[in-house]
Amino acid sequence: MKPVHRKFNDGDVIFREGEKAPSGYIIVSGMVDLYKVSPRGAVPLGSLRKGDLLGETGLSDRTERMETAIAKGPVTLQQVSREDFLKRTADDPEVAVKIIAKLTRRLHGLADRVADLSGTTLSPRETLPAPIGSDALPLDIHDNETERPGLLDRVLGTFRRKDRAWPHRSAHSLPPRPPAFPSAAQRPLVIAVATLPNDEANAQRDRIVACFKDLPGILIKASDKAVEVGGNDGPLAALAQAGTQARNILRKEDADLVLWGLVDPPARILEIRFTGIQSPEDGRPGQPNALTWLCLPMDFGEDWTALPRAVALAAVEPRTELQARAIATSLPTAVEQARVVGLDPPVAYGPMERAAILSCFGNASAALGHHGRDSNWYELAIDAYGAAIGLLPREADLEWGLLHRAIGICLQSMGERAEAKDLLIQAIEAYRGALEAVRAQDMPREWAGIQSRLGMVLYRVDLEEGNLDSLKEALGCLQGALQVFNRATYPWKWAEVMHNLGQVLQVYGDQARSDEILERAVDACQQAMEIRTFEAAPMLWAATENNMGSALFLLAKHSQRREALEESADSFRSALGTYRMHGADRLAIVAEKNLKRVEDMLKRTGGPRPVIDPGWTERPATVGTDDGEGWDAADRAGPPTQATVAGGGRGPRTATSGGGRGE
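Residues numbered from 1 in each chain as written. Predicted model: local features only at pLDDT ≥ 70, side-chain atom pairs only at ≥ 80, totals over all residues. Heavy atoms only, no water.

A. Here's a closer look at the packing of aromatic side chains. Summed over all chains, the structure comprises two aromatic pairs. For the pair Phe485 and Tyr490, a centre-to-centre distance of 5.6 Å together with 80° between the ring planes defines the contact as edge-to-face. Residues Phe485 and Tyr490 agree in their burial class; the two are buried. Arranged with centres 5.3 Å apart and planes meeting at 80°, the rings of Phe534 and Trp541 form a pair that is edge-to-face. Since its relative accessible area comes to 8%, Phe534 is described here as buried. Over the ring of Phe15 we find Arg65, and its NZ or CZ is 4.2 Å from the ring centre. (Phe/Tyr/Trp six-rings, centres within 6.5 Å; stacked < 30°, edge-to-face > 60°. Buried < 20%, exposed > 50% of the residue type's maximum accessible area, 1.4 Å probe, protein only. Lys NZ or Arg CZ within 6 Å of the ring centre and 35° of its normal.)

Structure below.
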């Protein structure tokens, strides 16, 4: 029978660890990298070349694959069945002897690799720094340093350890992040509509349910439960209590989104709100906040049906492929059909009702821009948000601030995608405006989310310009976010902010030439990976490993510690393996270039000698082509210039785009 050949391109996964092993392969041409999953992530086992046997478990007992095989460049394999292999070895025992010799050499190499890993990268840390929690000191970047510790001292103080020994990393054990709902790959998008108070015979609820009938991939449910809004502790407390009821309905109906609210017969309107499985601090474009509500006329007709459909689909973060297809299929049409009423609400309604409609349509457009990666929809969303701001009365402070946050999120998304500094600077101003109205004591999670976003936009602008004052402000923002997103209550959000803090600290430490700050950057990444474990979130874990690789390299550059350079290579190697195993080709290319740069430097340096900047320390974090030798070449380039982003007092409020606010 003619041999079966299979061809693979660079980065293709030939087979994965744990898959069934029905056959083996002989490498006809090319090279194959092998990886093994461990508590440290994807550990590289080595490479096989032309003539080597690959996937030998498939030739013995057809059990599961023991490793993951990834093509490195073009690869051609000859498939070998178990029956053919046994027949060949029976006919020619010398073949079996040669194969055993090759496998023995591979096992010796693997044993050496495991010993090397156990002696370096898997060394346990003696002491972990105390996490930053809600009891951390509040930061004020305008503090007089002669009266109090400065901003940097207080940020670093949260990471202090009594043990100043080199911080080795360990495999931290933490239960995987539980999903909000167990979901199969083909789980449809489930939307529940609660019973509405004052709704005679459920006529209005049934109209809302009808808006979603027959949409592909969407299951609509009419719930017999209602959400009651009441209480004497103020509107925010009442909404929080109502949100708890809505989440109970969400769980009872096993839904992804619940629509709830009430009917106002005297005003002839419906007040509809949206509660999903996402938390308000996530802040994805188009996600509703605690104050978001949609105004619909009672007994609304066909011309209104697209608007609640668009706003509801915008509020959902897809969790399965079927849900993503459902949103991709129905959201564009719904937004386009809702454009007329969404951008031009009836003048018969009051300013707050019209602002509610405009802001909801802005959410739908922003979500479409997010899912479709189309800046035109972001621009339409900003126009809608700006028009809503122009309608708000003076006392609607929180609504004003949250709309500025929504504008900032759109501008940030556009600016990051287009690498447009002017849009990022506009996002900074929008977030600063939002913080004038959204206070930590009123809406702590939303306030912390804005602080976190502002910190990262300041950091991204600094990547192009370079200015310590801007980085100090970014550090203050992230530290403020950590006062709310503490490890005990919000572990995943805490880990995200710690990851971001590691990014900012490493750039700050590089510019300030401070080993201490760079060590704190490494510590921040290590703490983040106590939550972002490989088992719970492999791609997030790899991102933080990659981040730590950069911090470790910069530490090696400034301290001339060779062990830091070796740790940097381990981090990039682990990130690379994980990216390849999950098919993240673009990220794998960056990690591979970074790793090659560090490995080349390790070959050229036999001891603690100066090293150069690899490409990921350029701005933004991409691989460059600098081939200079030693610190002199790196230092001659000098830091990039950065203009300080101007702040601004409150003064007369104006929207970031359109809809100025009067006094």
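After that view of the structure, there is still more to cover.
B. Layout of the pattern of salt bridges. Using the criterion set out here, one finds 26 salt bridges in the structure. For Arg432, the salt bridge identified is with Glu429, shortest N-O distance 3.1 Å. One end of the pair, Arg432, and the other, Glu429, are both in helix α12 (residues 421-437), three residues apart, so they sit about a helical turn from each other. For Glu429, a relative accessible area of 34% gives the class partly exposed. For the salt bridge of Glu473 with Arg432, the shortest nitrogen-to-oxygen distance reads 2.8 Å. In this pair, Glu473 sits in helix α14 (residues 468-484) while Arg432 sits in helix α12, placing the two residues 41 residues apart along the sequence. Given a relative accessible area of 14%, Arg432 falls into the buried group. (Salt bridge = Lys/Arg side-chain N within 4 Å of Asp/Glu carboxyl O. Helix = DSSP H or I, 4+ residues; strand = E, 2+ residues; numbered from the N terminus.)

C. Broad picture of the sheet that holds strand β7 (residues 189-195). Pairing within the open sheet is mixed, and its five strands lie in the order β8-β7-β9-β10-β11. Looking at which strands have only one partner, the edges of the open sheet turn out to be β8 (218-226) and β11 (294-297). The mean inter-strand angle of the sheet, taken between neighbouring strand axes irrespective of direction, is 30°. As paired strands, β7 and strand β9 (residues 257-264) are joined by three bridges and run parallel to one another. Looking at β9, one finds that Val193 is bridged to Leu259. Contacting β7, β8, β9, β10 (269-276) and β11, helix α7 (residues 306-314) runs over the sheet at an angle of about 160° to β11. (Pairing = 2+ DSSP bridges. Axes fitted to C-alpha atoms, helices over the stretch in contact; angles between N-to-C directions. Contact = heavy atoms within 4.5 Å.)

D. Here's a closer look at the packing of helix α9 (residues 351-372) against helix α11 (residues 397-418). α11 packs onto α9 with a crossing angle of 20° between their chain directions and a minimal axis gap of 12 Å. Of the possible angle classes, the one that applies to α9 and α11 is roughly parallel. The crossing of α9 and α11 is left-handed. Facing Met352, Ser359, Ala366, Gly369 and His370 of α9, the residues of α11 in contact are Glu399, Leu403, Cys410 and Arg417. Of the residues that constitute the contact of α9 with α11, the class distribution is four nonpolar, three polar and two charged. (Parallel < 35°, antiparallel > 145°, perpendicular 65-115°, else oblique. Left-handed = near helix turned anticlockwise from the far one by under 90°. Nonpolar A, V, L, I, M, F, W, Y, C, P; charged D, E, K, R; others polar.)

E. Representation of the nonpolar core. In terms of nonpolar packing, the biggest core is built from 101 residues, with Tyr385 and Val504 touching the most fellow members. Apart from the residues lying within four places of it in its own chain, the contact partners of Tyr385 are Ser359, Gly362, Asn363, Ala366, Leu403, Ala406, Ile407 and Cys410. One finds Ile272, Trp293, Ala315 and Ala326 within the second-largest nonpolar core, a separate group that totals 52 residues. (Core = buried A, V, L, I, M, F, W, Y, C linked by side-chain atoms within 4.5 Å.)

F. How the structure looks around the environment of Leu45. Mapped onto the fold, Leu45 is located in strand β4 (residues 41-48). For Leu45, a relative accessible area of 24% translates into the label partly exposed. For the pair Leu45 and Thr68, spaced 23 residues apart in the sequence, the C-alpha separation amounts to 9.6 Å.

G. Quick peek at the packing of helix α18 (residues 562-581) against helix α19 (residues 585-604). Where α18 contacts α19, the two axes come as close as 9 Å, and the packing angle between them is 155°. One way to sum up the angle between α18 and α19 is to call them roughly antiparallel. Considering only the axes of α18 and α19, their crossing is left-handed. Contacts between α18 and α19 pair Arg562, Leu565, Glu566, Ser568, Ala569, Phe572, Arg573, Leu576, Tyr579 and Arg580 from the former with Leu587, Ala588, Ala591, Glu592, Asn594, Leu595, Val598, Glu599, Met601 and Leu602 from the latter. Here the residues of the contact of α18 with α19 sort into 12 nonpolar, two polar and six charged.

H. Focus on α14. The end-to-end C-alpha distance of α14 is 25 Å, a good match for the 24 Å that 17 residues give at a rise of 1.5 Å each. Of all 17 residues in α14, 13 are buried, a share of seventy percent or more. (Expected span 1.5 Å × (residues − 1).)

I. Structural context of the pairing of β10. Within β10, seven of the eight residues are buried, which leaves it mostly tucked inside the rest of the structure. Pairing of β9 with β10, which is carried by eight bridges, proceeds in the antiparallel orientation. Each bridged residue has a counterpart across the sheet, and for Gly261 the counterpart in β10 is Ile272. If you look at the hairpin formed by β9 and β10, you'll find four residues sitting between the two strands, and Arg268 has a positive phi there, around 60°. Taken together, the four bridges between β10 and β11 define a ladder with antiparallel strand orientation. Across the sheet, the residue bridging to Leu270 is Leu296, located in β11.

Taken by themselves, the reported measurements are silent on function.
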